[in-house]
Every structure is written in structure tokens, then in C-alpha cells.
Amino acid sequence: MTRAVSAAELRPRTYTHAIRAAGLRIRVGRTRTAVDGLDLSLGTGVHGLLGPNGAGKTTLIRALATVLRPTEGTLELFGESVASVGGHRAVRRRIGYLPQEFGYYKRFTVREFVEYMAWLKEVPKADVPAAVQRAVERVGLADRADERMKALSGGMVRRAGIAQALVNDPEVLLLDEPTVGLDPTQRMRFRDLLQELGTDTCVVVSTHLVEDVAAACTDVVLFAEGRLVFQGTPDEMAAAGNADHPGDSPLERGYSALLADPAAGCAQERGAW
Amino acid sequence: MSKESEEHASVRLVGDYARGDTDIAADEVWALEAHLEVCAACRARLSAAVETGVPAVASLVVTVWSGLEPSLQPTATMRPRRRRPVWLSAWLTPVMAPWLAMTVGVVLIALALDLAGPGFGEVSLVLLLAPVLPLCGVAAAWSRGLDPAYELTAAAARAGLHLVLRRTVSVLALVVPVLLVAGGPAGVSAAQWLLPCLALTSAALALGAAIGVTRAALGLMALWAVGVMAPPLITRSESTVLDTDSLPVWGLLLALGTGVVIARRAAYTTVPGTTR
């Protein structure tokens, strides 16, 4: 018999933000610095990571997933530093991660794939079938769960990817471009799911679609050339732009205004936070 | 049933609860319900108490059941299709299967060549190949290029030396018996190649901590082909590297490799060669 509330869930938190980075620098390759002196604190909620192509979003998410080691600076997850080598195991159990180019075994069925990921994430053996079923239902793949991955469409594969990220009930959920390949209906369902997850999870969604951010995110993190340009609510980002800036919506105008003039964003960020 | 519920609810309490007695204290109700959730014996006693003592509730339960039963029966649980057991994926990834099949194929070809005739003189191809063959599987075990799920695996809690070793062990468990069987007809004794085989595998893992397991395995295979396999095949004479005299050297290499792997075990948790 499992208890409804575990002791681990009742334990007081010893950290203020699930993700905290200070002076974070990550080098990719020999010379390129993809993340350059980043200070960032992310707590519970849905954080939209926005930025132009090559801004370093993927590198940052890979570092948050503890796959990449930071070159410099501190990175804390759940109040524990992950800059040091080793000891990632306990932290990784509490992370869900969907890579941008996510590979899978074509011959696995959706259920086998999510089950295998649950095993890799050290979900207790007795909880695996229920956790897999719940994750698959959450992304709306329950009726296709016993089909092979190679028989699925691109959008369904991505949903299977989201299911594997959810299977261990993560406290930090890192999604790199999760809406690519989803049709409009699925995208709306996904936003609802994000909002639901954001009530008790720290969700980081990297995207280049401004409308995703407007619909589902409580917080925008604007990122360009490895530096933080702006952090605030979507409304604050919309307020940064005016009619002169290019874009079809207030949010897009705010986005281009902040990218064109990063100093304005930083000043506003100081005021807002 | 759980160990902690050795104390059971009293007959009086269960009877009162079944009758819906309002006199039971709230904390007692709470404790009783918590106990009933984990204790099948007490649930059975409760259901017996309801049936004998409270006909109104019993008839209500019967009515509800008769109403539910028709809708419950048609939903027969679907038989899932043939399932790949999790323990299998836990030891072998699908990526490794073709490499292992290729390894077995190479052993069979080497054996056939050995048996076909003394084309290569004194040298047995099976013996020359045996120490490096598991490296093919090891290369596929932890490879960024070959394994599509590498990024997902690398970020999982189980990633690291533990997983690499697990996959290496399953490669050895499949390849070594094949080599043992092939060694019989080829006239090769396991004593000659088993230690070099283990030493090379541990060397691949040890180097893998620095340059990636795949690169290390492929590098060692290339070295082996040039340094150990080529000379005897050209000169048609026995290789000195696989003499029984050189076994201490292989043992030393195995110990060294194992030591490095243990010392550098943390290096397997992050992507090797972050500077790609």
C-alpha cells in the first residue's frame, strides 16, 4: 500500500529557486562561448526561454539537464551545485528532459519506450506501469500506446518525447522546442498541460514561437548571444515595444524592441524584479 | 498485507462503523479507515458486519452492483501485444544487436578460414581476433553517433559507469561463449585470449572516460589490427603477443584499466569531450 503523501513530499524545501545560475559560462567547442555570464533564478511556474537561433538556448537547457558541464560560474539545481563532477544521480531523478533532436528506438512501442526511460530514470519498479500509463494519457497517446514508434507521425513522436520527460514526475521539466511538429489542436492541449504542470513544477520551455509564450508561460526569459536580455512576465515584454517596432502582435513588438535595445530590457528587469 | 497492521480493529468498533454509529470519535474513524485501507482481513470483517447487521446498506450495495455489472463486463482488458521486457532493454540496447550479430558472423568466418586449411600458416584467425571482437559491441554500447537515444540516456539518472559496465558485461556474456565454442574446433585455448580480451575491454573503457568509449574501442581495434594481427599474417608465424609468457603483461593491463575506470568513474556521467 502506497501512502498518498510521501515523507519526501512533506520535507521542507531548502532552496528558494529550483534553478539558480550565477555567472554561468558554457563553452561549446574550443572557442565558442554559448552561454556567457548568465545570472538566472527560476522557481515554480512555466518559463518561456525565447531567443533568436543560435542564442544558446539548447546549450543552456543541456547544461540544466546536467549533460554539459559548465565551464565557469555556479549552477544550482534544488539548491545543490551541479558544477562539480559526479553526484548527479539524485538530481537527475528529479529532472525531466526533452532534447531538441530527440532520438528513440524505432522498434519500441510508445509504452516500451516510456517504460525504458522510466527504468533509466530510476522510477521505483512497482510504480513504473502506473507512471507510464499516466504519462502517456497526459499527452493524449493512450490509444496509440502499443504501436511502434516508427509508425507514429512526427507530432506523436514529440508527444511520446514529452511523455518520457513526464514519467518520473519531475520537479524541473526542461523542454527544448516541444511544440515543433504539433498541429494547432495539439499545441493548445499542450499549452493546457504546461499550465497544469506549472502550478507545482519548474518548467523551462525553449521556443522561438512568441505565441507559445503568450499562451502558456508565466514568465519570459529572453536570451541573445548567450546573455540574459530580459526576464519578466509576458505583459512586461509586450509593454517594452511600441508601434514602431516590427511584429504582428504586442508581444512580437516587445520581443524585437528588447532584442534591438537590450539595455532597455535590463533596466526594466531590475525594476520589475 | 503490511507488517505494521498487526493490531486489528475491535469487533465492536467495526460493528459500530458498519452501522454508521455517530458516537465514534473522529480520530477513531480516521484511524479505522486508514487501517481498513491496508488490512484485507478487517475489510472482510467489515463486509460481514454489514451483511449481517445492516440490511439497508447491504441491499444498497447489491443494487449498486447489479446496476454496475452490465457496464463492467464488456470492458475486457485488452491483451497487449508481445512485449519487450524492460530487463532486456536494461542490458542491451537495440543498437547493439546488429553489432553483436556481426561479431558472431566474424567469428564464424574466421573459424571457417581456420578449418579450411593452413592458408595462414601457423596462425589461427580465431585466436588473433578473439581479444578485440568484444570491442565492437562495447563501441556500440555507449556511442553518441550510433545510439539515437544517446542524449536521453546521457541525461538519465542511471547514466554513467554503472550503465556502461552493465552493457559491457552483456556484450562479454554474449561474445565470450561464442568464442569459447569456436575455439574448440580451431584448437585455440581460452587461456590464450581471455585475459587479453578482458584487458582490451577495460582499456577501451578507461580510455573512453577521456575520449569517448566508441572512439577508444575503434582506436584499440585499429592498433590491434596493425600491431598484432598484421605481422603474424604476413610472416605466417605465431604471434608472440598472445603467448602464455605475455599473460602477466595482459593481467597488468587489465588491473591498470580497471583502476583507471574506477578512479575516473565520475567522468562517465557527463557527455565525454564536451568540447565537441
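Residues numbered from 1 in each chain as written. Chains lettered and ligands numbered in written order. Predicted model: local features only at pLDDT ≥ 70, side-chain atom pairs only at ≥ 80, totals over all residues.

**Student:** Help me understand the overall build of chain B in this model?
**Tutor:** Secondary structure assignment for chain B yields 13 helices and zero strands. When the helices and strands of chain B are placed in sequence order, the string is α-α-α-α-α-α-α-α-α-α-α-α-α. Of all intrachain contacts in chain B linking residues separated by at least 6 positions in sequence, the fraction that spans at least 24 positions is 79%. (Helix = DSSP H or I, 4+ residues; strand = E, 2+ residues; numbered from the N terminus. Contact = placed C-beta atoms within 7 Å.)

**Student:** Can you help me understand the UniProt feature "transmembrane region" (unreviewed entry) in chain B in this one?
**Tutor:** Residues and elements named next belong to chain B. Here the UniProt feature "transmembrane region" (unreviewed entry) sits at residues 88-113, 125-143, 164-184, 190-210, 217-235 and 247-267. End C-alpha atoms of residues 190-210 are separated by 31 Å, and the span's content is 100% helix alongside 0% strand. The distance separating the terminal C-alpha atoms of residues 217-235 is 27 Å; by composition the span is 100% helix and 0% strand. (UniProt positions renumbered as here; feature names shortened; annotations may be inferred.)

**Student:** Just checking my understanding: could you explain the nonpolar core for this structure?
**Tutor:** One broad rule of soluble globular proteins: the nonpolar side chains tend to lie buried together. Ranked by size, the top nonpolar core spans 141 residues in total, and within it Val114 of chain A together with Val126 of chain B carry the most contacts. Ignoring any residue separated from it by four or fewer positions in sequence, one finds Val126 of chain B in contact with Val107, Ala110, Leu111, Asp114, Ala182, Gly183, Ala186 and Val188 of chain B. Formed by seven residues, the second largest nonpolar core is a distinct cluster that contains Tyr17, Ala18, Cys39 and Cys42 of chain B. (Core = buried A, V, L, I, M, F, W, Y, C linked by C-beta atoms within 7 Å. Buried ≥ 20, exposed ≤ 12 C-beta atoms within 10 Å, placed from the backbone.)

**Student:** Would you mind going over unusual backbone geometry with me for this structure?
**Tutor:** Only a minority of non-glycine residues have a phi that is not negative, and only a minority of peptide bonds are not trans. Residue and element names in this part refer to chain A. Positive phi, close to 60°, is recorded for Glu122, a residue that is not glycine. Within the fold, Glu122 resides in the loop between α4 (110-120) and α5 (128-138). Residue Glu225 is not a glycine yet carries a positive backbone phi of 50°. Mapped onto the elements of the fold, Glu225 is located in the loop between β9 (219-224) and β10 (227-232).

**Student:** In this structure, what is going on with the confidence of the model for chain A? I would like to understand it.
**Tutor:** Detailed reading of the predicted coordinates is not advisable wherever pLDDT is low. Taken as a whole, chain A shows an average pLDDT of 83; of its residues, 91% reach a score of 70 or greater. Low pLDDT, under 50, characterises residues 266-273 of chain A; the stretch is placed with ten contacts to residues that sit more than four places away or in other chains. (pLDDT = per-residue confidence, 0-100.)

**Student:** Explain the pairing of strand β4 (residues 72-77) of chain A here, please?
**Tutor:** Residue and element names in this part refer to chain A. In terms of strand pairing, strand β1 (residues 19-28) meets β4 through five bridges, oriented antiparallel. From the neighbouring strand, Arg20 faces β4, where its bridge partner is Glu76. Strand direction decides the pairing type here: β4 and strand β5 (residues 80-81), joined by two bridges, are antiparallel. Opposite Leu77, over in β5, you have Glu80 as the bridge partner. (Pairing = 2+ DSSP bridges.)

**Student:** Looking at this structure, I do not really get the packing of helix α11 (residues 190-211) of chain B against helix α12 (residues 213-235) of chain B. What am I missing?
**Tutor:** For any two helices packed against each other, the geometry comes down to the angle between their axes and how far apart the axes lie. All names here are of chain B. It is at 7 Å that the axes of α11 and α12 come closest, and there the two elements cross at 135°. In terms of orientation, α11 and α12 fall into the oblique class. Once α11 is placed against α12, the crossing between them reads as right-handed. Judged by residue contacts, Leu200, Ala203, Ala204, Leu205, Leu207, Gly208 and Ile211 of α11 engage Val213, Arg215, Ala216, Ala217 and Leu220 from α12. Classifying every residue of the contact of α11 with α12 by side-chain character gives ten nonpolar, one polar and one charged. (Axes fitted to C-alpha atoms, helices over the stretch in contact; angles between N-to-C directions. Parallel < 35°, antiparallel > 145°, perpendicular 65-115°, else oblique. Left-handed = near helix turned anticlockwise from the far one by under 90°. Nonpolar A, V, L, I, M, F, W, Y, C, P; charged D, E, K, R; others polar.)

**Student:** Explain the interface of chain A and chain B here, please?
**Tutor:** The figure often quoted for interface size is the accessible area lost as the parts come together. Listed per partner, the contact involves 33 residues of chain A and 30 residues of chain B. Broken down by secondary-structure element, the contributors of at least two residues to the side of chain A that touches chain B are α3 (89-92) and α4 of chain A. For the side of chain A that touches chain B, the per-class residue count stands at 15 nonpolar, six polar and twelve charged.

**Student:** Looking at this structure, I do not really get the domain arrangement of chain B. What am I missing?
**Tutor:** The domain architecture assigned to chain B consists of domain 1 (11-66) and domain 2 (86-268). The distance between the C-alpha centroids of domain 1 of chain B and domain 2 of chain B comes to 65 Å. (Domains from an automatic or database assignment.)

**Student:** In this structure, what is going on with the environment of Ala130 of chain B? I would like to understand it.
**Tutor:** Residue and element names in this part refer to chain B. With respect to the helices, strands and loops of the structure, Ala130 is situated in the loop between α7 (125-129) and α8 (133-141). Taking the C-alpha atoms as reference, Ala130 lies 6.2 Å from Trp193; in sequence the two are 63 residues apart. Beyond its immediate stretch of four places on either side in the chain, Ala130 contacts Leu179, Trp193 and Cys197.

**Student:** Sorry if this is basic, but what is going on with α11 of chain B here?
**Tutor:** In an α-helix, one turn spans 3.6 residues, which is why side chains three or four residues apart end up on the same side. Between the first and last C-alpha of α11 of chain B there are 30 Å, a value that for 22 residues agrees with the 32 Å anticipated at 1.5 Å per step. The buried count for α11 of chain B comes to 16 of 22 residues, which makes it a mostly enclosed element. (Expected span 1.5 Å × (residues − 1).)

**Student:** Can you help me understand the packing of α11 of chain B against helix α13 (residues 247-263) of chain B in this one?
**Tutor:** All names here are of chain B. Packing of α11 against α13 brings their axes to within 8 Å, and their N-to-C directions diverge by 30°. Judged by the inter-axis angle, α11 sits roughly parallel to α13. As for how α11 packs across α13, the hand of that crossing is left-handed. Along its contact with α11, which presents Leu195, Pro196, Leu198, Ala199, Ser202, Ala203, Leu205 and Ala206, the element α13 presents Leu247, Trp250, Gly251, Leu253, Leu254, Gly257, Thr258, Val260 and Val261. Here the residues of the contact of α11 with α13 sort into 13 nonpolar, four polar and no charged.

**Student:** Any chance you could explain the confidence of the model for chain B here in plain terms?
**Tutor:** Residues and elements named next belong to chain B. When pLDDT is averaged across chain B, the result is 81; 89% of the residues are at 70 or more. Note on residues 1-5: pLDDT under 50 across the span, and seven contacts to partners over four residues away in sequence or across chains. Scored as a complex, the prediction yields pTM 0.78 and ipTM 0.81.

**Student:** Can you walk me through the sheet that holds β4 of chain A in this structure?
**Tutor:** As a general point, the strands of a sheet are linked pairwise by backbone hydrogen bonds and lie either parallel or antiparallel. Taken together, the four strands give an open sheet; going across it, the order is β2-β1-β4-β5 (chain A), and neighbouring strands pair in antiparallel fashion. The open sheet has two edge strands, β2 (32-42) and β5 of chain A, and neither has a second partner.

**Student:** I tried to follow the pairing of β1 of chain A on my own but got confused; where do I start?
**Tutor:** Successive residues of a regular strand alternate their side chains across the two faces of the sheet. Where β1 of chain A and β2 of chain A come together, eight bridges link them in antiparallel fashion. In the strand pairing of β2 of chain A, Arg25 of chain A is matched with Asp36 of chain A.

**Student:** Explain the sheet that holds strand β8 (residues 202-207) of chain A here, please?
**Tutor:** Residue and element names in this part refer to chain A. Pairing is mixed across the open sheet formed by six strands, whose spatial order is β6-β7-β8-β3-β9-β10. The strands lining the two open edges of the sheet, one partner per strand, are β6 (95-98) and β10. The sheet shows a mean angle of 15° between the axes of neighbouring strands, taken without regard to direction. Of the pairings in the sheet, the one linking β9 to β10 comprises five bridges and is antiparallel in character. Its bridge partner lying in β10, Phe223 is registered against Leu228. Its contacts with the sheet put helix α2 (residues 57-64) on β3 (45-50), β7 (172-176), β8 and β9, and the angle it makes with β8 is roughly 155°. Its contacts with the sheet place helix α10 (residues 250-260) against β3, β9 and β10, and it is angled at close to 140° to β10.

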